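Descriptive analysis of the structure
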Amino acid sequence: MSGAGLMLAALALPLATALLIALVGERRPDLREAVTLAGATALAITVALMIAGFDSATAAPLVLATLVPGFSLTLKAEPIGLVFAGVASGLWILNSLYSIGYMRAEHAPRQTRFYACFALALSAAMAIALSGNLATLFVAYEILTLVTYPLVVHWQTEGAIEGARRYLAYLLATSLVPFMAALVWTWVAAGTLDFTPGGILAGKVSAALMPVLLGLYAYGVGKAALMPLHGWLPAAMVAPTPVSALLHAVAVVKAGVFTLLKIAVYIFGLPTMAAAGDWLVWVAGGSVIAASLIAMTKDDLKARLAYSTVAQLALVTLAVALGEPLAIAAGVLQLVMHAWGKITLFFGAGAIQIATHKKKLSEIAGIGAQMPLLIVSFLGGALSVAGLPPFGGMWPKYLLLEAAAGRHMVLLVVCLGLSTLLTLGYLLPVVITALFRKPRDEDPHALPDTGHEPSPLPLLALLPPVITAAGCILLFLAAPAILAFIAPAIGLETLP
Amino acid sequence: MTEMAHALLGGGLPPGWPLLLAGLIAFAVRSEVIGRLAGIAGLCASLALVPDLAAAANLLPLELALMVTFHLVVGIGILFAGQRPDRIAVAGGLIAGGAALAALAARTLLGFAIWTEVIALASAFIVMAGGTPRALSAGLAYLLLQVTAGVLLLIAAALGQMDAPVVLWLLFAAFCLKVAVPPVHGWLVAAYPAASPTGSLFLAAFATKVAVVSLGAALAGAEPLLWLGLVMAVGAAIPMLFEAHWRRALSWSLVSQLGVMVAGIGLGSPEAMQGVVLLAIGHILYSTLLFLAAGSLEIRDGKAPRGLRVLALLGALSIGLPGLAGYGGKALIGEALIHHHMAWADYVIVVVGALVFAAVGLRPLVERCTPAPGAPWISLREAAATALLVAGSLLVGLFGPLIAPAASVAWHAGPLIVQAIALSLACLTMVPAVRRRWPQWPDALDFLALPKPAWVTGAITGLTVFGEMLSRIGAVASALTAAIGRTGGRLLLATARGLTAGGLGDGVLWALALLTVALIVSFG
Amino acid sequence: MSVLDHAPVLVVVLPLLTAPIIALLRSARVAGVATFVVAALDAALAFVLFARTLDGSVISYAMGGWAPPIGIEYRIDLLSAVMACLTSFSAALVAWFLPVSIAPEVTPGDRPRLFAAFLLCLAGLTGMVVTGDLFNVFVFLEISSLATYVLIAAGAGRDRRALTAAFDYLILGAVGATFVVIGIAFLYVVTGTLNMADLGNRLPLAGKRAGVVGASFLFVGLALKTAMMPLHRWLPNAYTFAPAAVTTFLAMTATKVALYLMIRLAVLVFGTPDEIGRINFATVLPPIGLVMLIAGSALAVVSADLKRLLAFSSIANLGLMLVALGLGGAAGIAAALVNLINHAVIKGGMFATVAGIVHRRGSSRMDSLAGLSREMPFAFVFLMIGGMGLIGVPLTAGFVSKLLVVKTAFDLGQTMIAAGVLLSSLISVVYVWRIVEACMIAKPAKPGRRHDVHPIFAAPMALLGVGTLALGIEGGPLLDVATRIAAALTGGAS
C-alpha cells in the first residue's frame, strides 16, 4: 500500500470504527467491543507498516482539503510523528482491553458513546501525528479537545460536569486565543505553515519578539499542561480511569508535547529555539519541581498521578526549550517512555478501584496481598516514570542530563536529579503502602471500615498493566533503535 | 549508539543474565520450590558461563574469584531459603547477584550506574520484605539513598569527559553513599538487620562489595579515603562491641571491615588494591557464614540447634585465622600501610580485626550457641552451606597468593605473629570475669548510626510541606482568577445590558444621539 | 430577448406580483406550496444572474426601456447577484418548511396572507440588492420592513410579546427609514439625480455640506437596520418572538442586506470604499464591532431562551462583520463578505433546527431542551454543528470566517483587533456550551420517547448543516468570489 494510502487508512480506520460502534450500539455489546479491538489492531498494523516502510526521501505530502488558500489540511509522514502514532496506536489496543474490563466491572452506562468517542479521539491523534503543517495540526488538536469532552463528562455527575467544564475551558481558551494568535502570527511572518526541516521562522521575527511567540505557543498548547495553566489535568480526573489513561498516556497530553516538539523542530528550527527558549527552560524546570512537590501531598491516587503527569510533561517542555538535537531526542523518548509508564500507573489505580472500591492512598494498606501482580506492575511503571534503570524511563532523563551538562547548566542538572528522587517520593509510598503496610483492620485503634467486600480483579483489567510494565523494560532495550529512527530528522549526528 | 548499546549489551547479553532471569521467574511464580529450582538452574548456567566471560573480558584472577564468590553466596542463600521459605529474598538475591556480575563486568560508567541501580532496587526490596515497620522505614531510606547515589553516577556518566574534577567529586559522593562511609553509613546498620535472615545473606554480599571494588578502582590513591577508612574501621567497631543483636553487630562489623577496604583504596598502591579485593572476597565468605549462624539462631527463635557451635566457631575463625579467608586481605593491606610508613595503622587494623573476632565471633558462640538438651541438629542444608563456605574460605586463605600475587606477604612471620597475639588477646576477653563486665544491649549507641531512616523518610514528609504550600498558592491563585473573572463577567454583563435594555423611547433617543454624534463628527 | 434577459427585474417582480394572488387563495395548503414554488423560481433566477456576472460583468437593466439616469436602472454586479442568491435561496429554504412550522401559531385562514407578507419581504430585500436607483432602495426598504413587521407579529399565536416586539421594530424601523429618506433627499438636492452611479459622478462636484449631512443621515439609518450598537435593541425581541421560520429568514437576510447597502453606498455613491461621507469605517466600525462581539456574546450567555441566545449571537457575529469591514481595503471587504455568507448559513441552519425543535416541543426555552440528545438526535447533531460553527471550530464555516478576519488584522498590523476577536470567541464557547449541556447533560423532568423533528425540516437543516461543514472544509471558492468582488469594488471606485 502506498504511503498516502496508509496515511489515509490511519485516519479513516478509527473513524470507520467509531461509525460501526455507533451502528452496533447497545444491542450487541460483545460485537461492539470486538469492533473496537479489530479497529485498534488494524490501526496498529497500519502504523507499523508506515514505520517499516518509512523513507524520508520518498515521503510525500498528501493534501486533503484547503480551507483557505495557504491553510490546507496536509498529511506527511515523518519520524517523530510516526513514533507518536506508534505509541498511540499500540496503547489503544491495550487501553481498549482494559476499558472492557473496567467498564463492565463498574456496570457503566453510555458505553457506546464511550467507545465511539475513543475511536474518534484516536483518529484525531493520528491526524496530529501525521500532520504536514501547523494548520492540520491545529485543526486536529481542536477536534481532539471536543471529541474527548463526552469521555471526560462520562459519569455526568455534578463533579463530572464541573470537571469537564474546567477541562474544556482551559483547553479551548488556550487554543482559541494564544495558540491561534501564534499560528496566525507565524503564518503572516513566514508566509507558510508547512513543517519544514530547519524551521520557517529563522530571521522572520525579531529576536526580541521570538520569546513572546514561543510563550504564545508554550501556553497556547494547553494540552502540554505547563504550569500555571495545568489545572485542567487534575480536573479531568473525574473521568473513568480508562479515559484518564487515554488522556494522560495515549492521546491528549502526548498530543500536547508532540505539538511542542514539532513546533520546535519544524517551525522554529533548533538554533532559533535555543536562542528564544531560555526563559522556558526555567519555567519548565520549576514546573517539574513544583508539580512533583504538590503530587506528594495528594491522598487521592488519581490526583497524585495527575500532578505526576504535569511534572513529567514539563520535562518534555524543558527538552524543547533547550533546543538541541540531544534534548529533542530526550523529549521524544520521554514521550514514549512516559506514555507506557503512566498508562501502567493509571491501569493500576483503576484496577485497585474496581477490586477494592478504594481511591485513596490512606485506604489501600495491605491490598497487595490480593493483587500482588498488579502492584508489582504498578511498581514497574513507577520506577520507569522515576527514571531508574532497567526501565525505559531512564533514557530520557539521562539524555537530558547530558544536554544540561553540555550547556554547563548546573542548576538544571540538580533539578533533574531531584525530579527522580521526588518522583520516587510520591510514587513509592503507593507501592509500599499496598505491599508492606498492614491493613487497617489489624490496627486496634483504626476506625471501622465500611468498605465493600473486595471483588476479584477481572483478567482484562489485570493483563494490560502487566503488559505495559513489561513493555517499560523492553523499551529500555529498544531506546537506541528509536533514537536511530529519529536521528536524521532532528539533526542528531553522533548518537549518545 | 555506541555508549548506550555498550552500556546495555556490551556485545551480547549481560553477564549474569541467567541469574537475572531466574530471579524474575522466582518473583513471578508463587511456588517457593520452583523459585529455588529456577535459582539453582540459573546459578549453574551462570557458573558455566563464567570461563567464557573471563576470557572475553580479560578478567584478572582476583576479579574472577570475586565473581565465583558471588555465585557461591547465591547458592548459599538458596540453600538457606529452603529452611524458611522467603520468596522475595530469593528473587531479590538472584537479581542482585546477576546485576552484581554485570556491574563488575561493565566497562563504561553508564553501564555500571545502570547495574548498580538494579542491585539497589533488588536489595531495597529484600529489606522491605522484612515486614516490620522498621524494615519498611529502613528499606525506603535505603532505596532513596542508593538511588541518590545512582543519580550522582548517572550525572557523572552524562558529564563524560568534561569537567574531570566534578566527575571525581560525584564519584566520591556516590562511593561514600554506597560504601557506608561516615557520615552516611547509618542506612546499612538499619537496613541489614531489618531484612529476613535469608535476606541479610544476600544484602551483605553484593551491593557494598561491587561499589568498593569498581568505584574503588576509580578513586584509588585518594588520600582522604585513607583517613576516612581508618575512622570507619575504628568508629564502627565501638557500637559493634556493645550491640546485643547479633545481626546488627555483624552490620557494624561490616562497616568496620569496609573501612579497612576504604583505607586500602586510599593507599592506592597495587598491593593495597589487591588486598582490598582479597579482603572483599574473604569478608563475603566469613560474613556470610556468620550471618548464616545468626540466621539459624533466629529462625529457631533463639533456641540453638546442635552443631551450631561448630558453625559459629568456623565463622569466627574465618575472621582472622591465617589459612582462612579473612586474614589474607587484611594482612596485605596492613603491609601496604607499613610500606606507606603508617605502621601504627597496621596495628589499628589488627586490633580492630581482633575486636571483630571477639564481638561477633567468639561472644555469640560462647553465650548463645549452646544447645539445650535434646535440641535438634542443624539441617542438612545448613551443614552443606557451612561446608561450602569453609571450603571456599580455605581455598582463598591457603591459595590466596595464587590469585593475588602480593598476598604471599600474609605468610611472613611478622604479620603472623602480630595476628596470633591479637587473636589470643581476643580469646582472653571470653574469660567470664571479663565477659561479665562487658555490657551489651540492643541498638547500642544507636545515635552513632547516621543518618537515621526516619530522617530520610521524614525528608519526604518535610517536602510535603512545600507541596502543601504550593497547593495552597495554586488554590488561592485559582480562586482569585475565578473571582476576577466573575467580577469582570458581571461588569461586562451590566454594561451590555445597559446598552440593550430599556424601552422603545430609549431606542429612539439613541438613534437621535447617534445622529447628532455623526453630524458633529462629520463637521468637526 | 428571452425571459432570462429580464431576470434582473423578474427576480423582484415575481414575488411582488404573486404575493397578492397568494393572499387571496382560500386553501392554506395551496398557498404554502405556491409560496415555495415562487421562492424556488426566484432562486433559480438569482442563480442565473450569478452565473452571468461571475466573470465580472455588470448587468445594466433599464426599467421600461427608459435609460438612466432619468429612468430607474437595475444594476447587477457580482456582489448584487450573490446577495440576490442569498435572499432568494434563504426564502426558498424557509418556504419549504414555513407552512408546517407556523401551523401551530397561525390559523389556517390567516396563513395565505402571511405567505403573501413573506413573499413581499423577499421582494423588498431582493429589490434592495438589485436596484441601481437610490430612491428605489428606499421603496424596497419600506416594503420589506412593513412585511417584516407583519411576519414578526405572526408570532403572537405562541407568545403575545411578539406584538410588542413588532411594534418596537415598527417604530424604530420607521425612524431608520425616515433617516434614510432624509439622507437621500439631501443628496438629491445637491446633485439632482437619484441614480447611484450618477450620484457617484456628481457628488464630488456638488456642495460639500449637504452631501455630508446626507451621508450622516444615511449612515445612522442604515446603522439601525444593521442593528449596529447602540441601535440594536429591536433585534433580540424581534428574533425571539417571531415564529421560528420567520426568524430563520430574517437571520439569514435582513441585517445582511443592510450591511450590503452600507458597502454599496460607500463604493458607488460616495466613491470611497472605506467611508460614507466623513464617517470613516476604519475609525468607527472596529470599536463598535468589538463591543458588539463582546456584549452580544455576554448577553447570549445569560439568555434563558434558545432563540434569544442565538439572536444575541447574531449581534456578536454582526460585530465581527463590522470589524472586518473596518479593517478596510480589499482584504477587509472580502473578509466581511465571507463572514456574511458563512454566518447566514450557520445561523440559518441553527434557526431551522430550532424551528424543528419548537414545532415538536412547543418551546425554545433552554430548560425545555433537556434530553434533546436522546429524543431528537437528528436535531441535536445539527444544533451541534451550528454551535461549533459559532465558536469557530476548525472544519466549520465559522473558523474560516474568524481566521480570515484575524489574518487580515495581523497582515495590517492591527494586533489589538485580532486579540479582541480571539478573546471574544472565548465567550462564544460559554454560550454554545450552555446549549450542549442543556441538551446533553441536563436531566429531563420525565424522559420522553424518541420523537425527532418533522421530516419537512430535515432537508433545510441538512442542507445548511452540510453547508456549514462544506464552507469550512473548502472555503476557497467562496473566498475567491469574495476577493473578486472586493477587488472590483476597491479597484473600480475612484
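What counts and how
- Residues numbered from 1 in each chain as written.
- Chains lettered and ligands numbered in written order.
- Predicted model: local features only at pLDDT ≥ 70, side-chain atom pairs only at ≥ 80, totals over all residues.
- Heavy atoms only, no water.
- Helix = DSSP H or I, 4+ residues; strand = E, 2+ residues; numbered from the N terminus.
- Contact = heavy atoms within 4.5 Å.
- Areas by Shrake-Rupley, 256 points an atom, 1.4 Å probe, with all protein chains shown as cover.
- Lys, Arg positive; Asp, Glu negative; His and termini not counted.
- Charge placed at Lys NZ, Arg CZ, Asp CG, Glu CD.
- Rg over C-alpha atoms; globule rule 2.2 N^0.38 Å.
- Buried < 20%, exposed > 50% of the residue type's maximum accessible area, 1.4 Å probe, protein only.
- Buried area = accessible area lost by both parts, 1.4 Å probe.
- Salt bridge = Lys/Arg side-chain N within 4 Å of Asp/Glu carboxyl O.
- Core = buried A, V, L, I, M, F, W, Y, C linked by side-chain atoms within 4.5 Å.
- Patch = residues over 30% accessible without salt bridge, like charges linked within 9 Å, V, L, I, M, F, W, Y side chains within 5 Å.
- Polar contact = N/O pair within 3.5 Å; in protein donor to acceptor, adjacent residues only side chain to side chain.
- Expected span 1.5 Å × (residues − 1).
- Nonpolar A, V, L, I, M, F, W, Y, C, P; charged D, E, K, R; others polar.
- pLDDT = per-residue confidence, 0-100.
- Pairing = 2+ DSSP bridges.
- Phe/Tyr/Trp six-rings, centres within 6.5 Å; stacked < 30°, edge-to-face > 60°.

1. Looking at the overall build of chain A
Looking only at helices and strands, one finds 18 helices and two strands in chain A. Structurally, chain A occupies a C-alpha span of about 70 × 55 × 40 Å along its principal axes. Long-range pairs, those at least 24 residues apart, make up 81% of the contacts in chain A with a sequence separation of at least 6. For chain A, the computed accessible surface area is about 14,600 Å², with 68% contributed by carbon and sulfur atoms. The distance from the centre of the 25 positive side-chain charges to the centre of the 22 negative ones in chain A is 3 Å.

2. Examining the overall build of chain B
When you go through chain B residue by residue, the secondary structure sums to 22 helices and zero strands. Expected size for 524 residues packed as a compact globule is a radius of gyration near 24 Å; at 31 Å, chain B overshoots this value by more than 25%. Taken over the C-alpha atoms alone, chain B extends approximately 120 × 55 × 45 Å along its principal axes. When burial is assessed residue by residue, chain B has 57% of its 524 residues classed as buried. Look at the contacts in chain B between residues 6 or more apart in sequence, and 81% of them connect residues 24 or more apart. Of the roughly 19,800 Å² of accessible surface on chain B, 75% is carried by carbon and sulfur atoms.

3. Description of the interface of chain C and chain A
Listed as interface residues are 32 residues of chain C and, on the opposing side, 30 residues of chain A. Here chain C meets chain A over a buried area of about 2,700 Å², counting both sides, of which 79% is carbon and sulfur. For the chain C face of the interface with chain A, the top three residues by lost area are Leu403(C), Trp433(C) and Ile441(C), together amounting to 20%. Here chain C is connected to chain A by one salt bridge. Where Arg165(A) meets Glu437(C), a salt bridge forms, and the shortest distance between an N and an O atom there is 2.8 Å.

4. Focus on the nonpolar core
Ranked by size, the top nonpolar core spans 618 residues in total, and within it Phe71(A), Phe268(A), Tyr192(B), Phe206(B), Trp246(B) and Val360(B) carry the most contacts. Broken down by element, the residue count for this core peaks at 21 residues, all from helix α14 (residues 325-356) of chain A. Leaving out residues up to four positions away in the same chain, Val360(B) has contacts with Met240(B), Trp246(B), Ala249(B), Leu250(B), Ser253(B), Leu290(B) and Ile319(B).

5. Some details on a nonpolar patch on the surface
Residues and elements named next belong to chain B. The grouping of Leu13, Trp17, Leu21, Ile25, Ile34 and Leu49 at the surface amounts to a nonpolar patch, some 520 Å² of accessible area in total. Top element by residues in the nonpolar patch is helix α2 (residues 17-28). It accounts for three residues. Following the sequence through the fold, isoleucine 25 ends up in helix α2.

6. Quick look at the side chain of Ser313(C)
Within the secondary structure, Ser313(C) is located in helix α12 (residues 306-327). When neighbours within four sequence positions are excluded, Ser313(C) is seen to be in contact with Ala300(C), Lys347(C), Leu390(C) and Tyr431(C).

7. Brief notes about the side chain of Glu33(A)
Residue and element names in this part refer to chain A. When you line up the elements, glutamate 33 lands in helix α2 (residues 29-52). Within the local environment of glutamate 33, its side chain forms a polar contact with the side chain of arginine 104, the two groups lying 2.7 Å apart. Not counting residues up to four positions away in its chain, the partners in contact with glutamate 33 are Ile100, Arg104, Gln111 and Tyr115.

8. Re helix α4 (residues 111-129) of chain A
Here α4(A) spans 27 Å end to end across 19 residues, near enough to the 27 Å set by a 1.5 Å rise per residue. Burial runs high along α4(A): 17 of the 19 residues are buried.

9. A closer look at the interface of chain B and chain A
Each side of the interface is counted separately: chain B has 40 residues, and chain A has 44 residues. Taking both partners together, chain B and chain A bury about 3,600 Å²; carbon and sulfur atoms supply 82% of that area. Our count for the chain B to chain A interface comes out at zero salt bridges. There are one residue pair in polar contact (both at pLDDT 80 or more) connecting chain B and chain A. Those elements that provide at least two residues to the side of chain B that touches chain A are α1 (2-8), α6 (109-128), α7 (133-159) and α21 (453-500) of chain B. In terms of residue class, the side of chain B that touches chain A is built from 28 nonpolar, seven polar and five charged.

10. With respect to the confidence of the model for chain A
Chain-level statistics for chain A give a pLDDT mean of 87 and a share of 95% at 70 or above. The low-confidence segment residues 444-452 of chain A (pLDDT under 50) makes five contacts with residues lying over four places distant or belonging to another chain.

11. Some thoughts on the pairing of strand β2 (residues 73-76) of chain C
All names here are of chain C. A two-sided burial pattern is seen for β2, the buried positions comprising Glu73 and Arg75 on one face and Tyr74 and Ile76 on the other. Across four bridges, the pairing between strand β1 (residues 59-62) and β2 is antiparallel. Bridge assignment links tyrosine 61 to a residue of β2, and that residue is tyrosine 74.

12. Some thoughts on the packing of aromatic side chains
Applying the stated rule across the entire model yields 34 aromatic pairs over all chains. With a centroid separation of 4.8 Å and 90° between ring planes, the pair formed by Tyr149(A) and Trp433(C) is classed as edge-to-face. Of this pair, Tyr149(A) sits in helix α5 (residues 134-152) while Trp433(C) sits in helix α17 (residues 415-441), each in a different chain. Take Trp433(C): its relative accessible area is 9%, and that puts it in the buried class. Considering the side-chain rings of Trp395(A) and Tyr398(A), the 6.2 Å spacing of their centres and the 75° angle between planes classify their relative orientation as edge-to-face. With a gap of three residues between them, Trp395(A) and Tyr398(A) both fall in helix α16 (residues 394-406), about one helical turn apart. Among the residues examined, Trp395(A) registers a relative accessible area of 0% and is labelled buried. Of the residues examined, Tyr398(A) reaches a relative accessible area of 2% and is grouped as buried. By way of ring pairs, the aromatic residues Phe71(A), Phe138(A), Tyr141(A), Phe179(A), Trp187(A), Tyr217(A), Phe268(A) and Phe399(C) are connected into one cluster.

13. Digging into the pattern of salt bridges
One pass over the structure, following the stated rule, counts 22 salt bridges over all chains. A salt bridge links Asp159(C) to Arg161(C), with the shortest nitrogen-to-oxygen separation between them at 3.0 Å. A cluster of three or more residues bridged by salt bridges with shared partners is formed by Glu26(A), Asp30(A), Arg32(A), Glu33(A) and Arg104(A).

14. Considering the pairing of strand β1 (residues 62-68) of chain A
Residue and element names in this part refer to chain A. Taken together, the five bridges between β1 and strand β2 (residues 71-75) define a ladder with antiparallel strand orientation. The residue of β2 that forms the bridge with valine 68 is phenylalanine 71. Taking the residues that link successive antiparallel strands as the turn, the β1-β2 hairpin has two residues, and the phi of glycine 70 there is positive, at about 100°.

15. Some points on unusual backbone geometry
All names here are of chain A. With an omega of 0°, the peptide bond between methionine 227 and proline 228 qualifies as cis. Backbone geometry at histidine 107 places phi at a positive 50°, although glycine is not the residue there. By the element assignment, histidine 107 lies in the loop between α3 (79-105) and α4. Look at histidine 107 and you get exposed, because its relative accessible area is 69%.

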